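Spelled out, the chains give:
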Amino acid sequence: MAGIYLHIPFCKQACHYCDFHFSINLKKKKALLEALKIEIGLRQQTWDAGPIETIYFGGGTPSLLNREEINDLLVTIRTHFEITTGAEITLETNPDDLSESILSQWAEVGVNRLSIGVQSLEDNHLKLMNRAHNAKEAATSIALAQAYFENLSIDLIYGIPGMDDAQWKNTVEKVLAYNIPHISSYALTVEPKTALQKFIAKGVVPDVDDEQAQRQFNQLVAILTAHGFMHYELSNFGLPGYFSQNNTAYWQGKPYLGIGPSAHSFDGIQRGWNIRNNSAYIKALEAGEVPITYETLSTTDRYNEYVMTGLRTIWGVSLLKVEQELGGSYAKYLKKQAQKYVDEHLLFWDDAVLLATKKGKFLVDGIASDLFMLNLR
């Protein structure tokens, strides 16, 4: 499996918690979309990872693009790459951008999966995060989208200051009533240099509470799994047949191309990242150059990345894969480092696959970092 990710770096307004690359100035949108098409053509020249099975429009806010703009990008991709039949084509959207007209147009040009950034069904929480929509628009957007897309996902945020456990439980149960097949849910995190960090530092907003976030994570897992959802990745829940193929490919180390400013790419050995500046990105592509920096991963880097991503998923970390692809010293190190967490019932071995227990899932990122190898190259 291989995929293409397109970063659309524009938003109507800045969410207080977001540290992704974006701009609320849309003046350069046309020039940037032209640059994306140039980059697609240039990247085809060095691509040898096979047919494309997933295309993902992320951002930013890709739902700011109209039918023609989405279609132009898809036509350009199909011109330069082989796209498999039935490829998953996902568009990230905001509730306030959705209407029957635009939904039907996106479906017509080939988008077959939507991810809606609902985040909350409570107006006070949406206001705190500076989302552009309200709770009513969030609910309406789900109903509208279901008329055009069967493969639908929504995002939710837990651990929001002021949101008690009863409110969170109510939100999850409201979402379940819509019969959505996929839910992504993330703890609110305070990223450096964001508006949220500044508000917390000034005492305008209470700091996030890690214990609250863990309780609400456990609530989420219990409710969704009881309703048939598979907790297939730390932040992702899907009914059978509705896992995100794009994200699954990332977690399983499959190759992908990142198109657009700040987008990342991976070919199995080498990682690349585009410049995080719209003007510089446009200027470079107009000159026929891809503004990308590459890093060749060492064996240790590959081990660390596999541990980090594998432990977050239901597929875990295969000892056999580590030994065959990275070497016996890495397999031995993994077994030794993991033992403490096995003893504490945070990790367990299923045959030769290392997995997080129910208790360990919320802590898995910290656990993974302790399994990293730092000194072997």
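Just above sits the structure.
Everything quoted here is computed from the prediction, not taken from an experiment.

Draft legend 1. Structural detail: the packing of helix α1 (residues 29–44) against helix α10 (residues 278–286). The interhelical angle for the contact between α1 and α10, taken along N-to-C directions, is 50 degrees, at an axis separation of 9 Å. When the axes of α1 and α10 are compared, the pair comes out oblique. Between α1 and α10 lies a crossing whose hand is left-handed. Two secondary-structure elements touch here, α1 through Ala-31, Leu-32, Ala-35, Leu-36, Ile-38, Glu-39 and Leu-42 and α10 through Asn-278, Tyr-281, Ile-282 and Leu-285. In the contact of α1 with α10, the residues fall into nine nonpolar, one polar and one charged.

Draft legend 2. Up close: the side chain of Thr-171. Among the structural elements, Thr-171 can be located in helix α6 (residues 165–176). Judged by its relative accessible area of 2%, Thr-171 is buried. With sequence-adjacent residues up to four places away left out, Thr-171 is seen in contact with Leu-121, Glu-122 and Leu-156.

Draft legend 3. Up close: the pattern of salt bridges. Tallying each qualifying case throughout the model produces 13 salt bridges. Between Lys-12 and Asp-97 there is a salt bridge; the shortest N-O distance is 2.8 Å. With Lys-12 in the loop between β1 (3–8) and α1 and Asp-97 in the loop between β3 (83–93) and α3 (100–109), this residue pair connects regions lying 85 residues apart in the sequence. When salt bridges that share partners are traced, they join Lys-12, Asp-96 and Asp-97 into one network.

Draft legend 4. Structural context of unusual backbone geometry. Each neighbour pair has its own omega, and for Gly-59 with Gly-60 the value is 20 degrees, a cis peptide bond. Mapped onto the fold, Gly-60 is located in the loop between β2 (52–59) and α2 (67–80). Even without being a glycine, Ser-262 presents a positive backbone phi close to 75 degrees. Along the chain, Ser-262 falls in the loop between β9 (256–259) and β10 (264–266). Here His-345, not a glycine, exhibits a phi torsion of approximately 60 degrees, which is positive. Of note, His-345 is situated in the loop between α13 (328–343) and β14 (347–350). Judged by relative accessible area, which is 56%, His-345 ranks as exposed.

Draft legend 5. Region of the structure containing the nonpolar core. Ranked by internal contacts, the top residues of the largest apolar core, which has 97 residues, are Trp-106, Leu-347 and Leu-371. Not counting chain neighbours up to four residues away, the residues in contact with Leu-347 comprise Leu-311, Ala-338, Tyr-341, Val-342, Leu-354, Leu-355, Ala-356, Thr-357, Ile-367 and Leu-371.

Draft legend 6. Layout of the sheet that holds strand β15 (residues 353–356). Sheet architecture is open: three strands sit in the order β13-β15-β14, paired in antiparallel fashion. Pairing within the sheet leaves two strands with one partner each, and these edge strands are β13 (317–318) and β14. In this structure, β14 lies alongside β15, joined through four bridges in antiparallel fashion. When the bridges of β15 are listed, Phe-348 appears paired with Leu-355.

Draft legend 7. A look at a negative patch on the surface. Judged by side-chain charge, Asp-207, Asp-209, Asp-210 and Glu-211 come together as a negatively charged surface patch. Considering the arrangement of structural elements, one finds Asp-210 in helix α8 (residues 210–226). Owing to a relative accessible area of 59%, Asp-210 belongs among the exposed residues under this scheme.

Draft legend 8. Just the packing of helix α11 (residues 299–310) against α13, in detail. In the contact formed by α11 and α13, the axes pass within 11 Å of each other and the chain directions differ by 40 degrees. Here α13 runs oblique to α11, going by the angle between their axes. The two elements α11 and α13 cross, and the hand of that crossing is right-handed. Taking contact as the criterion, the partners of Thr-299, Thr-300, Tyr-303 and Val-307 in α11 are, on α13, Tyr-330, Tyr-333 and Leu-334. Of the residues belonging to the contact of α11 with α13, the class tally is five nonpolar, two polar and no charged.

Draft legend 9. Looking closely at the side chain of Gln-119. Mapped onto the secondary structure, Gln-119 falls in strand β4 (residues 113–119). By relative accessible area, which is 8% here, Gln-119 ends up buried. If we skip the residues at most four places from it in the chain, Gln-119 touches Tyr-17, Met-129, Arg-131, Asp-155, Leu-156 and Ile-157.

Draft legend 10. Structural view of α10. Of the positions making up α10, those classed as buried are Asn-278, Tyr-281, Ile-282, Ala-284 and Leu-285. When α10 is viewed along its axis, its buried side chains cluster within an angular range of 165 degrees and face the same direction. In this structure, α10 carries Lys-283 and Glu-286 as exposed residues pointing more than 90 degrees from its buried face. On the buried face of α10, the contacting elements are α1, β9 and β11 (270–274). The first or second residue beyond α10 is Gly-288, which carries a positive phi of 80 degrees.

Analysis parameters
Residues numbered from 1 in each chain as written. Predicted model: local features only at pLDDT ≥ 70, side-chain atom pairs only at ≥ 80, totals over all residues. Heavy atoms only, no water. Axes fitted to C-alpha atoms, helices over the stretch in contact; angles between N-to-C directions. Helix = DSSP H or I, 4+ residues; strand = E, 2+ residues; numbered from the N terminus. Parallel < 35°, antiparallel > 145°, perpendicular 65-115°, else oblique. Left-handed = near helix turned anticlockwise from the far one by under 90°. Contact = heavy atoms within 4.5 Å. Nonpolar A, V, L, I, M, F, W, Y, C, P; charged D, E, K, R; others polar. Buried < 20%, exposed > 50% of the residue type's maximum accessible area, 1.4 Å probe, protein only. Salt bridge = Lys/Arg side-chain N within 4 Å of Asp/Glu carboxyl O. Core = buried A, V, L, I, M, F, W, Y, C linked by side-chain atoms within 4.5 Å. Pairing = 2+ DSSP bridges. Patch = residues over 30% accessible without salt bridge, like charges linked within 9 Å, V, L, I, M, F, W, Y side chains within 5 Å. Areas by Shrake-Rupley, 256 points an atom, 1.4 Å probe, with all protein chains shown as cover. Lys, Arg positive; Asp, Glu negative; His and termini not counted. Charge placed at Lys NZ, Arg CZ, Asp CG, Glu CD. Arc of directions from axis to C-beta.

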